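Understanding the architecture of this molecule
Chain by chain, the residues run as shown.
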Amino acid sequence: MTSATVLSNLGAIDAAHHLHPFSDMKKLNAAGTRVIERAEGVHIFDSTGKKYLDAFAGLWCVNVGYGRREIAEAVHRQMSELPYYNSFFGTTTPPTTLLAQKIASHAGGKLNRVFFTNSGSEASDTWFRIARVYWKALGKLEKTQVIARRNAYHGSTVAGASLGGMKWMHEQGNLPIEGIHHIGQPYWYAEGGDLSPAEFGLQVARELEQKIDELGEDRVAAFVAEPIQGAGGVIIPPETYWPEVARICRERDILLVSDEVICGFGRLGSWFGYQHYGVEPDLAPIAKGLSSGYLPIGGVMVSDRVADVMVEELGDFYHGFTYSGHPVCAAAALENLCIIEEEGLVERIRDDIGPYFSAAWNSLEDHEVVGEAESVGLMGGLQLAADKSTRRRYAKPDDIGTLVRNHCVENGLIMRATGDRMLASPAFTISRSEVDEVVDKLRKALDHLRDTVRE
């Protein structure tokens, strides 16, 4: 079979053999799969030649943009020298060790060690185990319970999906597993009522303290949260939220876990999301932007507080993966971080393209169907609203968001919808004119929603 024949039949082959993640396969096969063939910069191209501006950086991850020869060449060099070796049995490889050092150099403070995984989901499972063995090594055998948030996302493995607060995920697989509890999210627009954002931020943060009291401080191991909720809808917390959460964890002797899988490596205009909010966690899962999605790699940044106990008191830690610290993936990630450093991309988000994106994104608040437009760095959330004055939302939020997203895609713009919130997380290399294109095409999709609802 020729390559041209294979390409022409990819849709049928895909339907026959490929089970997609997070997909209704019956509906997908009926609609047909869009085949993406190539990419460059902030654009992707499908098998028909259609060009799309990818305002979502793949899946929150292609931070340095597509087509980076430097990363491809680093991968080729490493594959030629050492395509694989494990990190078990007292061995390491140069890129693995140098990558751990590079990550720690940007973590700041006391996050000086990294345990490598292959994904953010695996990173969630890893820190979950680390938190429990940490307290056990200190003789506090009852400190096993973990508190997370509703509508949070921490991956789709058993532990990751349990830690996440999405009921529709819990319904598949009898989740959450024992020992995981959920409190409210800092989603002022939907849940703040008559409170000011500042008041609401404090109120929802203090739900953590109430849950600790309910469970017993001597039984709670950790609290986990994303600096900004990603898959939950780019929920940006009020400024009062994170300082109060940090205070509670510190005073109640609870490990603070900042899920940096999306926010890490520059997206908010700081190397990590916890730095943007001025807090320092004990553990921080990472992935996505670590390699800009060029190869799968993740990890957990571990503070000295926790690592010292693991090194001096724990003995063997019976956890790891065949590909933990895979040398080729590590080489890709190391080159990716060098690009971010050398091109000053974090500073560019903080001082230049981030403020420009924010102003352009916030301009959409004047639209009739937009209740709120907010962003930090290059991460934006747009709340659709049936009535701006009362914050009333549409009766069928999933349908509304899908309508807007599909209109964007038809017009060459990749967006994501979470219910009735439109999400953006473009590559760090996006230009001002490309930001304008994102906002112009999104505005046209909002016009389409307004006109469709009227009809």
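Further up the page is the structure itself.
Along each chain, residues carry numbers from 1 onward, in the same order as the chain's sequence is written. Selection of residues for local features in this predicted model requires a pLDDT of at least 70, selection of side-chain atom pairs for listing and counting requires 80 or more, and totals for whole chains, interfaces and linings are taken over all residues. Excluding hydrogens and water, the side-chain figures rest on all heavy atoms present in the structure.

Tallying secondary structure elements over the chain gives 19 helices and 15 strands in all. Computed over its C-alpha atoms, the radius of gyration of the chain comes to 22 Å, within 12% of the 23 Å expected for a compact globule of 455 residues. Projected onto its principal axes, the C-alpha positions of the chain cover 65 × 60 × 45 Å. Counting only residues that meet the buried cut, the chain has 54% of its 455 residues in that class. Should any heavy atoms of two residues lie within 4.5 Å, those residues are counted as being in contact. Taking the contacts inside the chain whose residues are at least 6 apart along the sequence as the reference set, 71% of them involve residues at least 24 apart. Just so you know, the count uses Lys and Arg for positive and Asp and Glu for negative, and it drops His and the chain ends. Note that the charge is assigned to NZ on lysines, CZ on arginines, CG on aspartates and CD on glutamates. A gap of 3 Å separates the mean positions of the 45 positive and 61 negative side-chain charges of the chain. Only runs of H or I of at least four residues qualify as helices and only runs of E of at least two qualify as strands under DSSP, and these elements are numbered from the N terminus. Radius of gyration: C-alpha atoms only; globule rule: 2.2 Å multiplied by the number of residues to the exponent 0.38. When a residue's accessible area, from a 1.4 Å probe over protein chains only, is under 20% of the maximum for its type it is buried; when over 50% it is exposed; and in between it is partly exposed.

So, about the pairing of strand S1 (residues 36–40). Any two strands with at least two DSSP bridges between them are considered paired. One ladder, built from four bridges, connects S1 with strand S2 (residues 43–46); its direction is antiparallel. Paired with Arg-38 across the strands is Phe-45, a residue of S2. Connecting S1 to the next strand, S2, in antiparallel fashion are two residues, including Gly-41 with a positive phi near 65°.

Reading across the sheet, the four strands line up as S11-S12-S15-S14 and stay open at both edges, with antiparallel pairing between neighbours. Two strands lie at the open edges of the sheet, namely strand S11 (370–376) and strand S14 (416–418), each paired on one side alone. The mean angle between the axes of side-by-side strands here comes to 20°, regardless of whether they run parallel or antiparallel. Where S14 lies against strand S15 (residues 421–424), three bridges are found, and the strand directions are antiparallel. Bridge pairing links Arg-416 to Leu-423 in S15. Note on definitions: angles span 0 to 180 degrees between N-to-C directions of axes, and those axes are lines fitted to C-alpha atoms, for helices only across the stretch in contact.

Another point: the environment of Gln-78. Secondary-structure assignment places Gln-78 in helix H5 (residues 69–81). In this view, Gln-78 contacts Pro-83, Pro-95, Pro-327, Val-328 and Ala-331; residues no more than four positions away in its chain are not counted.

It is worth spelling out the nonpolar core at this point. As used in this record, nonpolar core signifies buried Ala, Val, Leu, Ile, Met, Phe, Trp, Tyr and Cys residues forming a set joined through side-chain atoms within 4.5 Å. The biggest cluster of nonpolar side chains holds 104 residues, and the ones touching the most others in it are Leu-99, Ile-103, Phe-223, Met-301, Leu-382, Met-415 and Leu-442. Looking at this core, the element that brings in the most residues is helix H15 (residues 327–342), giving nine residues. The residues touching Leu-442, leaving out its near neighbours within four places in the chain, are Trp-361, Leu-364, Leu-382, Val-404, Cys-408, Leu-413 and Met-415. Ranked by size, the runner-up nonpolar core spans 27 residues in total, among them Phe-115, Ala-221, Leu-255 and Val-302.

Its location among the elements puts Ser-258 in strand S8 (residues 255–258). Look at Ser-258 and you get buried, because its relative accessible area is 2%. Considered as a pair, Ser-258 and Ile-297 are 39 residues apart in the sequence and their alpha carbons are 18 Å apart. Among residues more than four places away in sequence, those in contact with Ser-258 are Ala-225, Pro-227, Tyr-274, Pro-281, Leu-283, Ala-284 and Pro-285. In the analysis that follows, any N or O atom pair within 3.5 Å is treated as a polar contact, provided that within protein one partner can donate a hydrogen and the other can accept it, and provided that, for residues neighboring in sequence, both atoms belong to side chains. Within the structure, Ser-258 has its side chain in polar contact with the side chain of Glu-260 (distance 2.7 Å).

With that out of the way, let us pick up the sheet that holds S1. Read across the open sheet, the four strands follow the order S1-S2-S3-S13; overall the sheet is mixed. Pairing within the sheet leaves two strands with one partner each, and these edge strands are S1 and strand S13 (413–414). Sheet topology places strand S3 (residues 51–54) next to S13; two bridges connect them, and they run parallel. By the bridge assignment for S13, Asp-54 is matched with Ile-414.

With that settled, consider the packing of aromatic side chains. Two rings from Phe, Tyr or Trp (for Trp, the six-membered ring) form a pair when their centres sit within 6.5 Å of each other. Planes less than 30 degrees apart are called stacked, planes more than 60 degrees apart edge-to-face, and all others tilted. Summed over the entire model, instances satisfying the criterion amount to 13 aromatic pairs. Members of the aromatic cluster, connected to one another through ring pairs, are Phe-22, Tyr-153 and Trp-168. Consider the ring centre and the ring normal. A charge sits over the ring if Lys NZ or Arg CZ is within 6 Å of that centre and within 35 degrees of that normal. Note that Lys-143 overlies the ring of Trp-135, its terminal NZ or CZ placed 4.5 Å from the centroid.

Attention shifts here to the packing of helix H7 (residues 120–137) against helix H14 (residues 304–314). One way to put it is that H7 packs onto H14 with a least axis distance of 10 Å and a crossing angle of 60°. Judged by the angle between their axes, H7 and H14 are oblique. In this structure, H7 meets H14 at a crossing whose hand is left-handed. Here H7 contributes Ile-130, Val-133, Tyr-134, Trp-135 and Ala-137 to the contact with H14, which in turn contributes Arg-305, Val-306, Val-309, Met-310, Glu-313 and Leu-314. Here the angle decides the label: under 35 degrees means roughly parallel, over 145 means roughly antiparallel, 65 to 115 means roughly perpendicular, and every other value means oblique. Throughout, a crossing is termed right-handed when the near helix is turned clockwise from the far one, and left-handed when it is turned anticlockwise from it by less than a right angle.

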